[in-house]
Each structure stands twice: as structure tokens, then as C-alpha cells.
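Take a look at the letters that make up each chain.
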Amino acid sequence: MKFLRQVLTVAVKDIRAELRTKEAINASLAFALMILLLFSYTFDPEQEMMRQVSGGLLWIVFAFAGTLTLNRSFARELPNDCLDALIAAPIPGSALFLGKCLASFLLVLAVELISLPVFGIFYRVHWTLQFPWLLVVLLLGTWALTIIGTIFSALTVNIRLREVMLPMLTYPILMPALMSAMRLTTSLVNGQPIPEDDFAWLKMLIGFDVVFTAVSLALIETVLVG
Amino acid sequence: MSAVAVEGVWKYYGDYPALRNIQLEATEGACLALIGRNGAGKTTLLRAIAGFSLAQRGKIKIFGKEPREAETRRLMGFIGHGISVYDELSALENLTLFGKLYGLPDPDRSAREWLERTGLERVRNGLVREFSRGMRQRLAVARAFLHEPSVLLLDEPFTALDDRAIAVLQRLLREALAARKTIVMSTHQLREALELATHVALLTRGQLTFHGERTQEMVDDPGYVYARYGEGA
Amino acid sequence: MLHSLFDASVWTSLAAAAAAAVSSILFLRSRNFLYDSLALAVTEIGLILIAAGIVAGAVAGRLGGGPWWSWDARLTSALVGFLIYAPYLMLRRAIEEPTRRAASAAVVSIFAIFDLPIMTLAVNWWLAHHAASAPIGVEWTVLPVAALAAALSWIRLRREQDRRARDAERRAAQEI
């Protein structure tokens, strides 16, 4: 219980700070809309091919726009040396980490949920038909993005070229999760249920989330204190 | 059992020893002034005591326990080079946040109490980014004292403070010492620190070249310790 | 021949990745920099090897009458594997302080080894509809390639140890 309260305290702090400045969320949203617009030059919404790439496109938008938010996760602790105070506080590193994950998760999810209707309007896809399942995939995929992005945000917080290193580390490791999410989303966003064969991808996504949440929690103290 | 015990500590940056065989302790109620030139290792030692980094050799004990244990962290307050409060939050929000993180029973009340003790009561809802420098520093002090730590670790706390902030800090430190708290303070401002100190330790290039009680000689002539025990001595 | 060289490079790189992960864990437990140097050495050699293998595999495909990149599951997995480990070297370059560098790199290495099997499975599922790839065989070429990799890793390890010793001297000299 105490642990949960500590996680929520950190999460609320991050979200409150972000909503005051709105730096990351504005940039993230603008970026997402920009990519969606740019891609519409490439694809004719009427074409069948559009349906096939829709899942992939959506997750490229989410992953790239999401990184803008994830980068801020630990970077926001740098001014005034706030990270010192958080590490010195008697909360477990895992509580600090999960609190930040939760905050980033909600912020990234917000951008995704705003982008989805825009995507639907631009590309005329019936994303509401399978919304419950689509939401499940969104939550699982976003958690994968968040967990990897946050742990590497902590890892790269103090280094040179942080903005370059974070995506370089995150995207390759994230590939299996992105592939799963893209595959599942393609059917769902077009109003089709998940094909029988594709349930394996759902399991992979869940497995990815479980494994890397565990690995991150195991290594967070090392990442924070060295 | 001493409040702070540093036993045979070596700290390396890679293969380079930043701290060499540091052996010192501070008993409960002592105020240890850690002095030394820039680069001597004062900040490194303080941060190691605070648990921000691990010493490769030797042990650090706070009341006999590891610095990183949760219970021990609750006993320590740290002021580093930065103020460690959030610009985007208000003074009250900042202190309430740390109150919650430190598990205080009534974070809001403790926050208000410390805002008053540091003279920030009237600006409690102001965002820190709008504060003057002196106000920011007083808030940093409030943050460090908020959870009534038994051990205070201060890294050059008097540097670049305005007069009001210096007065507040000196008052709070005297009160802390009267309540038998332990203070380890690194400093360049020898005069303010030596007035409060009960003990002095001099670091020269990562090594402890002097460790003993503060004498009247030191207060009268702060440069004395450097001349007697520093390099070129 | 090129095909078997590709196969050999895959096996050897996998061994290198495993060695790097074990070394990284040992470093985090013992803080002995020998393990950090070892992890660096095998990762570097493993990366060079898999890169060479990917080129060999692509060339083999082309010479066999196919395209440069046939989206074969094995070749693609190898490429993603390369992309997973390349940032390890980039990260090391971006961190000055040796202990922080070693610890951070060790963390990346551990993440990478957990990702490898998941990634390989994902790529295989994704490309399953392409011509079913024969599983990677073990042929005699593995031995010379592995021996070469081990020798190169040893040399790289010694060079890294020397570099660290010189670095320590330089820092010590700077005090004066």
C-alpha cells in the first residue's frame, strides 16, 4: 500500500508538472498530427493498401511522438538537481521508476487517443468498430514503449547526446513489441476482429511487457545509483 | 556508535582514485566542517556519505546502517549545489511532495510549518520559477529540514546565499545542533562554517590530511588549517 | 560457402552476445573492470562478425540468382541483432566516466540478451510466409570462425586493458 502511494505521488508530480508547462505534450501532439498529415500525401485513403499499412503507420506515429514525452521523463529532474532529492528520498528505486512510467504512460496514451480520431478522419478507417480490443492493444503496446523508454531515459539522463541515444537504444529493443502492436492494430483499426493466427502476436506483446517490466525493475537501482 | 562513520573509503572514477583511504567519523551532535581546495574530493565524499554513489572500497555507516537503506535515508537531509525543488510547482506543492515521499504523517502541515520557519509563508502558492535567488535557497533549506533529519549533509551551503538566507540557515543549523543533530558540511566559506563547527577535516587531493576538533586558532585565522596541514605544509 | 560463413557468424555472434551478457552481470556484481573490458571486447568483435556475416549472406543470395535482400528470416534477424547491439558501442562513447560507462553498458547488454530470442521469434513469424528458411546449420566453418573471433576478442581485451592502464596514468599525472 505504501509502495502504491509512493508510485502515485511520483506519478501525480510528473503529470502536474507536465500539465503546467505542456512542453512535451504539445510537441508530441503536434508531431503526431504532422506525421499523419504528411503520410496522407503518400497514400490515397481510398486504396486497399492504406488498410494494410494503417497499423504500421499508427504505431510509427505513436512511437516517434511518444519518444518526445519519454525523453522528458527523467530529463525533467535535471534542472535544480531534483534527481538527487528523489534518489535521496526513502522510496524504493522501483517506486520512483514505476511512478514515472505511469505518468509517461498516461501522457503518451492521451496523445494516442487524440490522434486516433484524427487518423480515422484523415484515412477513413472504422476504428470504433473493434474499440475494446483496439484499446487493449493500445494499452499493451504503449506500456512496452513506456517501460523501455523510461528505463533508457533514466540511463541516458546525464550523458552527452541524450536526445540521440534514447531513440537509438529504445527502437531496436522495442521492435518485437512494435511489430506485434502493428500487426494487431492493422486488423482492429479497420474494424476487423483479430484473426485466429494473430493471437500469437498478442501473447508476444504481453510476454514482452512482462519480461521487460521485470528486467527494468531488477536493474533500476543500478541505473539510478550506478 | 557514531552518527556518521567513514571507514577506509576509496572511491574511484574508473582507475583514478578521487578518495583515498578516508577514515573519519562524526559523533551525534557534532558539526564537522569539511574543508579543502576545489577538486580535493569534498563533494565526492559528501555524496558518497549521502548514498548517491558507491564507494569501491571501505564502508560508510550512518548510525551503523547502510546509507541506501530506506530507514537510513529517512534520517538524512541533503543540500547539494542545486536547490532540488521543482520550478513548475509552488513552494507548498514542493514541500508537500517531499513530505509525502518521506512518509510524514501530515505532509501539508509540516510543509506550512517549514515555510513559516524559512520566511516563505506568504509566497507559499507562488511557483518556484518566479522566486528570487534567496527565496529559492531558503526553500531548499526548508526541503532539507522538512522531515527533521538526524544527519544533515550540506555541500557548500553558504555559497552564493544572500544575507537573509545565510541568517536563516545559521539559525536553523544552531537549532539543529542544540537538538543533537549531526551536521557534515563542506565549505569554502570558512568563517561562517568554522563558527558553527565542532570538528574540522581537511581534504587534500582525495586524502584526509587533518581531522580533529575545531580550535579557537582556526576561528581566528581560518587559513590556519590550510597553512598547517594542506599541501606545501 | 558464403552461406555456411553466414551461419557460422550467426552462431559465433550469439555466443559473443551470451558472453557479453554474462560478463556484464559479473561486472555489476563484482565491479571488477576486467569483466567490463571483456564485455566490450566480445561485443565489438561480435558486431564486426555479424556485419560481415550479413554481407556474406546478402552476397550469397545475389550470387545464387536472387535479389540482394530477400527478406529471409535469418538474414533479417541478424540485421536487427546488429541494430540492437550497435547502440552499446555508441553509448560507451557518450559516457566519459569509466564506472558509469561500464555500469550503463552492462545494463544495455542485459536488455539486449533478453530481446534477442523475442526478436528472432517475431522476425520468424513475420517472414514465415516467405520461402521457408532452412534452419541455421552447424558446419565445419563454425570452428575457424569461432576460433578467429576468440583470438580477436583476446587481442581486443588486451588492448582495452592497456588503454585503461594508460588512462589511469594520465589521470594520475594530471593531479600534479
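No experiment lies behind these values; they were computed from the predicted model shown. (Residues numbered from 1 in each chain as written. Chains lettered and ligands numbered in written order. Predicted model: local features only at pLDDT ≥ 70, side-chain atom pairs only at ≥ 80, totals over all residues.)

Visitor: Mind showing me how you'd approach the overall build of chain B here?
Guide: Broken down by element type, chain B carries 9 helices and 9 strands. Counting only C-alpha atoms and orienting by the principal axes, one finds that chain B spans roughly 50 × 40 × 35 Å. Counting every position in chain B, which comprises 233 residues, the buried fraction comes to 48%. Across chain B, contacts joining residues at least 24 apart in sequence account for 67% of those joining residues at least 6 apart. (Helix = DSSP H or I, 4+ residues; strand = E, 2+ residues; numbered from the N terminus. Buried ≥ 20, exposed ≤ 12 C-beta atoms within 10 Å, placed from the backbone. Contact = placed C-beta atoms within 7 Å.)

Visitor: Explain the overall build of chain A to me, please; I cannot follow it from the model alone.
Guide: When its secondary structure is counted, chain A shows 8 helices and 0 strands. The order of α-helices and β-strands along chain A, N terminus first, is α-α-α-α-α-α-α-α. Over its C-alpha atoms chain A spans a radius of gyration of 18 Å, differing by no more than 12% from the 17 Å that the globule rule assigns to 226 residues. On the principal axes, the C-alpha backbone points of chain A span a range of 55 × 35 × 30 Å. The contacts in chain A between residues at least 6 apart in sequence include a share of 84% that link residues at least 24 apart. (Rg over C-alpha atoms; globule rule 2.2 N^0.38 Å.)

Visitor: Please clarify how the interface of chain C and chain A should be interpreted in this entry.
Guide: Interface size is often expressed as the accessible area that is lost when the parts come together. Contacts between the two partners involve 25 residues from chain C, matched on the other side by 22 residues from chain A. Mapped onto the side of chain C that touches chain A, the elements with two or more residues apiece are helix 3 (73–94) and helix 4 (98–126) of chain C. Here the residues of the side of chain C that touches chain A are counted per class, giving 21 nonpolar, 2 polar and 2 charged. (Nonpolar A, V, L, I, M, F, W, Y, C, P; charged D, E, K, R; others polar.)

Visitor: Would you explain the packing of helix 1 (residues 2–30) of chain C against helix 4 of chain C in this entry?
Guide: Two packed helices can be described by the angle between their axes and the distance between those axes. Residues and elements named next belong to chain C. Where helix 1 meets helix 4, the axes come as close as 8 Å, and the angle between the chain directions of the two elements is 140 degrees. Classified by the angle their axes make, helix 1 and helix 4 are oblique. Crossing angle aside, the handedness with which helix 1 passes helix 4 is left-handed. Contacts from Ala17, Ala18, Ala20, Ala21, Ser24, Ile25, Phe27 and Leu28 of helix 1 reach helix 4 at Ala102, Ala103, Ala106, Ser109, Ile110, Ala112, Ile113 and Leu116. Classifying every residue of the contact of helix 1 with helix 4 gives 14 nonpolar, 2 polar and no charged. (Axes fitted to C-alpha atoms, helices over the stretch in contact; angles between N-to-C directions. Parallel < 35°, antiparallel > 145°, perpendicular 65-115°, else oblique. Left-handed = near helix turned anticlockwise from the far one by under 90°.)

Visitor: I'm lost on the interface of chain A and chain B in this one. Help?
Guide: Residue-level contacts link 20 residues of chain A with 26 residues of chain B. Secondary-structure elements contributing two or more residues to the side of chain A that touches chain B are helix 1 (2–21) and helix 4 (82–88) of chain A. Top contributing element to the side of chain A that touches chain B by residue count: helix 1 of chain A, with 7 residues. Of the residues belonging to the side of chain A that touches chain B, the class tally is 10 nonpolar, 5 polar and 5 charged.

Visitor: Can you help me understand helix 8 (residues 199–225) of chain A in this one?
Guide: Each α-helix turn comprises 3.6 residues. Residues three or four places apart therefore point the same way. Relative to the 39 Å expected for 27 residues at 1.5 Å per residue, helix 8 of chain A spans 40 Å between its end C-alpha atoms, a close match to the ideal helical length. Remark: the principal bend of helix 8 of chain A, roughly 45 degrees, maps to A:Leu219. Among all positions of helix 8 of chain A, only A:Trp201, A:Met204, A:Leu205, A:Phe208, A:Phe212, A:Ser216, A:Leu219, A:Ile220 and A:Val223 are buried. Residues of helix 8 of chain A that are buried in the fold lie against helix 5 (93–123), helix 6 (131–155) and helix 7 (162–189) of chain A together with helix 4 of chain C. Two residues or fewer after helix 8 of chain A comes A:Gly226, characterised by a positive phi angle close to 95 degrees. (Expected span 1.5 Å × (residues − 1). Bend = angle between axes of the 7 residues up to and from the residue.)

Visitor: Is there a simple way to explain the pairing of strand 1 (residues 4–13) of chain B in this structure?
Guide: The side chains of a regular strand alternate, first on one face of the sheet and then on the other. All names here are of chain B. Summarising the sheet, strand 1 and strand 2 (residues 16–26) pair through 7 bridges and their orientation is antiparallel. Paired with Val6 across the two strands is Leu24, which belongs to strand 2. The loop that links strand 1 with its antiparallel partner strand 2 comprises 2 residues; one of these, Gly14, has a positive phi angle of about 70 degrees. Where strand 1 lies against strand 4 (residues 57–62), 5 bridges are found, and the strand directions are antiparallel. For Ala5, the partnering residue across the bridge sits in strand 4 and is Lys61. (Pairing = 2+ DSSP bridges.)

Visitor: What am I meant to see in the pairing of strand 5 (residues 76–79) of chain B here?
Guide: Residues and elements named next belong to chain B. Because side chains alternate across strand 5, one face comprises the buried residues Met76 and Phe78, and the other comprises Gly77 and Ile79, equally buried. When strand 5 meets strand 6 (residues 151–155), the two strands line up parallel, connected through 4 bridges. Counterpart to Ile79 in the pairing with strand 6 is Leu154.

Visitor: Sorry if this is basic, but what is going on with the sheet that holds strand 2 of chain B here?
Guide: Two modes of strand pairing occur in sheets, parallel and antiparallel, and in both the strands are linked by backbone hydrogen bonds. All names here are of chain B. Judged by pairing direction, the sheet is antiparallel, and its 3 strands sit side by side in the order 2-1-4 without closing on themselves. Of all strands in the sheet, those bounded by a partner on one side alone are strand 2 and strand 4. On average, each strand axis in the sheet is tilted by 20 degrees relative to the strand beside it, whichever way the strands run. Where helix 1 (residues 42–50) meets the sheet, its contacts fall on strand 1, strand 2 and strand 4, and the angle it forms with strand 1 comes to roughly 120 degrees.

Visitor: It is not clear to me how the sheet that holds strand 5 of chain B should be interpreted in this structure. Could you clarify?
Guide: All names here are of chain B. Read from one edge to the other, the open sheet built from 6 strands follows the order 5-6-7-3-8-9, with strand pairing classed as mixed. Looking along the sheet, the strands with just one partner apiece sit at the ends: strand 5 and strand 9 (207–213). The sheet shows a mean angle of 15 degrees between the axes of neighbouring strands, taken without regard to direction. Sheet topology places strand 6 next to strand 7 (residues 182–187); 5 bridges connect them, and they run parallel. Paired with Val151 across the strands is Thr182, a residue of strand 7. On top of the sheet, helix 5 (residues 133–145) reaches strand 5 and strand 6; it is set at about 165 degrees to strand 5, its chief contact.

Visitor: Whenever I open this one, unusual backbone geometry confuses me. Can you help?
Guide: Note: most peptide bonds trans; most residues except glycine with negative phi. Residue and element names in this part refer to chain B. A positive phi is found at Arg180, a non-glycine position, where the angle reads about 60 degrees. Within the fold, Arg180 resides in the loop between helix 6 (163–178) and strand 7. Since 12 C-beta atoms lie within 10 Å of it, Arg180 is described here as exposed. Despite not being glycine, Arg205 has its phi angle at roughly 50 degrees, a positive value. With respect to the helices and strands, Arg205 occurs in the loop between strand 8 (199–204) and strand 9.

Visitor: Please clarify how the packing of helix 2 (residues 33–63) of chain C against helix 3 of chain C should be interpreted in this entry.
Guide: All names here are of chain C. Running from amino to carboxyl end, helix 2 crosses helix 3 at an angle of 145 degrees, the nearest separation of the two axes being 9 Å. Considering how the two elements wind past one another, helix 2 and helix 3 form a crossing that is left-handed. For the pair formed by helix 2 and helix 3, the contact residues are Leu40, Thr43, Glu44, Gly46, Leu47, Ile50, Ala51, Gly53, Ile54, Gly57 and Ala58 on the first element and Leu75, Ala78, Leu79, Gly81, Phe82, Tyr85, Ala86, Tyr88, Leu89 and Arg92 on the second. Residues of the contact of helix 2 with helix 3, tallied by class, amount to 14 nonpolar, 5 polar and 2 charged.

Visitor: Quick question: what am I supposed to make of the confidence of the model for chain B here?
Guide: Note that predicted coordinates carrying low pLDDT should not be read in detail. The predicted model of chain B averages 90 in pLDDT, with 98% of residues at 70 or higher. Model confidence for chain B, summarised as mean pLDDT per element, is weakest for helix 9 (residues 224–229) of chain B at 77 and strongest for helix 3 (residues 91–101) of chain B at 97. (pLDDT = per-residue confidence, 0-100.)

Visitor: Sorry if this is basic, but what is going on with the environment of B:Ala140 here?
Guide: All names here are of chain B. When you line up the elements, Ala140 lands in helix 5. Residue class for Ala140 comes out buried when judged on the 26 C-beta atoms lying within 10 Å of it. Taking the C-alpha atoms as reference points, Ala140 and Thr204, 64 residues apart in sequence, are found 29 Å from one another.

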